[in-house]
Amino acid sequence: MQAVLLAGGKGTRLLPLTVYRPKPMIPFFNRPLMEYILEALVNIGVDEVFVLVGYLKEKIMEHFGDGEEFGVEIHYSNGDNLKLGTAGAIKKIEGKIEDSFLVASTDILTNINFKDLYEFHKKKDGVATMALTRVEDPSHYGVAILDTDLRIRSFKEKPRPEEALSNLVNTGIYVLEPEVFDLIPEGKNFDFSLHLFPKILEEGLPLYGYPFDEYWNDVGRPSTYLQATEDAFAGKLKLPQISVGPLKGNVERGGSLYTGRKCVLRKTRIIGFAVLGDNVKIGKNVKIERSVIFSNVVIEEGAEIREAIIGENVYIGKGVVVEPGSVIGDNAIIEDFSRIGANVKIWADSRIGRESVILPD
Ligand SMILES: CC(=O)N[C@H]1[C@@H](OP(=O)(O)O)O[C@H](CO)[C@@H](O)[C@@H]1O
């Protein structure tokens, strides 16, 4: 079975974490995000994957290589997929697709049953099937309206609240028939949601919706990334090969901890959860609340990190306070007793001198 992974986007909403890594390489429980979806596809028998790369593609190609390590044959598309849009980029692999194929974004975490989705598509026999989930606020997504046979009757990308006629939204997961290639123009910017699906509907071709109840989260924003982390600890999002459990050792009780290799923690107070990458060194009396800290980070005595994401190779000095919603880019140095206010993004490679206060706009 063949699949296509969309991995070329710039990940703007996750800046500054995407300054030096593309979104599919953002660590989630210390593994690149894309590994989870790749593994789920391999588990249902996908044996050939085309990864459509663009922004910082070398990082993805270096990590996933020819796919052997992941039990799958991986090919990468060349060229500038950013200009072509999601659907325009798949046009390039037209000649290589033999049968119905799965397409998925790489910035999502989901427990969707891909096998069931694929079988649904085969049974309905449409030209495309879009996997759908229910959300409270559909205005950030593509919204579908289904008839009783689950055929999509209308689809609107990011509608205004008054235009959103359902709360069933596009999850960025599709099954397509090779005939959709005929609808995609060559070398032109063409997007799945903005162009391809509207065109399928316009031409009166059968497009089906597959609503599912299993976990799905778009981790393209810092808040949804932290929410997915919490959901994994709560067991709502099931992560294969990763067991997340309650605190052990000399870490104070009260929160959940997941660490990579070679981490050193002293008396650390965890509130909610903390996820650490490899080689994170944490000084005495540090307080971490509902935060994710990437690899090679040092956090000195008495610092307080609340609801934040801390990039790789960051140094956090003594008594520093990082307030909720903040994101600290790779290699940043935050010197002793500084305060990073709520929702502040500290750019990669920044240096914040001691006792500084960085406030939101
Ligand atoms: C233009 C486009 O591809 N829009 C998709 C896509 O939105 P982004 O804002 O591009 O992430 O992913 C959403 C699911 O995460 C989906 O609901 C929407 O239809």
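Residues numbered from 1 in each chain as written. Predicted model: local features only at pLDDT ≥ 70, side-chain atom pairs only at ≥ 80, totals over all residues. Heavy atoms only, no water.

Under an unreviewed UniProt entry, the name given to the protein is Bifunctional protein GlmU, and the source organism is Pyrococcus yayanosii.

**Quick word on the site of the ligand**
We apply this condition: Whether a residue is near a molecule or strand is decided by its heavy atoms; if any one of them lies within 4 Å of it, the residue is near. Pairs of N or O atoms are called polar contacts if they sit within 3.5 Å, as long as, within protein, a hydrogen donor faces a hydrogen acceptor (for residues adjacent in sequence, only side-chain-to-side-chain pairs). Areas reported here follow the Shrake-Rupley algorithm with a probe of radius 1.4 Å; residue values treat only the protein chains shown as occluding. Cavity: a set of points on a 1 Å grid over the protein atoms alone where a 1.4 Å probe fits but cannot get out. Pocket: an open set with protein on both sides within 12 Å along at least five of seven lines, its lining residues, like those of a cavity, having an atom within 4 Å of a point. Think of it this way: if more than half of a molecule's atoms are within 2 Å of a pocket's grid points, that molecule is in the pocket or cavity. Think of it as three bins: nonpolar holds Ala, Val, Leu, Ile, Met, Phe, Trp, Tyr, Cys and Pro, charged holds Asp, Glu, Lys and Arg, and polar takes everything else, Gly as well.
Near the ligand the following residues occur: R13, Y141, G142, E157, K158, N170, D191, S193, W216 and D218. Measuring from an oxygen atom of the ligand, one finds a side-chain N or O atom of K158 at 2.7 Å. Within the backbone of N170, one N or O atom sits 2.6 Å away from an oxygen atom of the ligand. Against a free-state accessible area of 440 Å², the protein chains account for coverage of 83% of the ligand. The site holding the ligand turns out to be the largest pocket. Considering only residue class, the shell around the ligand consists of two nonpolar, three polar and five charged.

**Some words on the UniProt feature "domain: EIF2B subunit epsilon/gamma LbH" (unreviewed entry) in the protein**
Applied cut-off: UniProt positions are given in the numbering used here, feature names are shortened, and annotations may be inferred rather than shown by experiment. Segments assigned H or I by DSSP are reported as helices when at least four residues long, segments assigned E as strands when at least two residues long, and all are numbered from the N terminus.
In this structure's numbering, the residues bearing the UniProt feature "domain: EIF2B subunit epsilon/gamma LbH" (unreviewed entry) are residues 258-336. Helix makes up 0% of residues 258-336 and strand makes up 48%, while its end C-alpha atoms are separated by 26 Å.

**As for helix α1 (residues 33-43)**
For clarity, the threshold we go by: Burial status follows relative accessibility: with a 1.4 Å probe on protein chains alone, a residue under 20% of its type maximum counts as buried, one over 50% as exposed, and anything between as partly exposed.
Within α1, eight of the eleven residues are buried, which leaves the element mostly enclosed by the surrounding structure. Buried residues of α1: L33, M34, E35, Y36, I37, L38, E39 and L41, and no others. Just past α1, the residue G45 takes up positive phi, approximately 100 degrees.

**Quick word on the pairing of strand β1 (residues 2-7)**
Looking down a regular strand, the side chains alternate between one sheet face and the other. Keep this limit in mind: The rule for pairing is simple: two strands pair if DSSP sees at least two bridges between them.
Of all the six residues making up β1, six are buried; the element is thus mostly covered by neighbouring parts of the structure. Alternating residues of β1 divide into Q2, V4 and L6 and A3, L5 and A7, and every residue in both groups is buried. Direction of pairing for β1 relative to strand β4 (residues 48-53): parallel, over a ladder of six bridges. Among the inter-strand pairings, L5 is bridged to a residue of β4, identified as V51. The pairing of β1 with strand β6 (residues 101-105) spans four bridges and is classified as parallel. Looking at the pairing, V4 lines up with V103 of β6.

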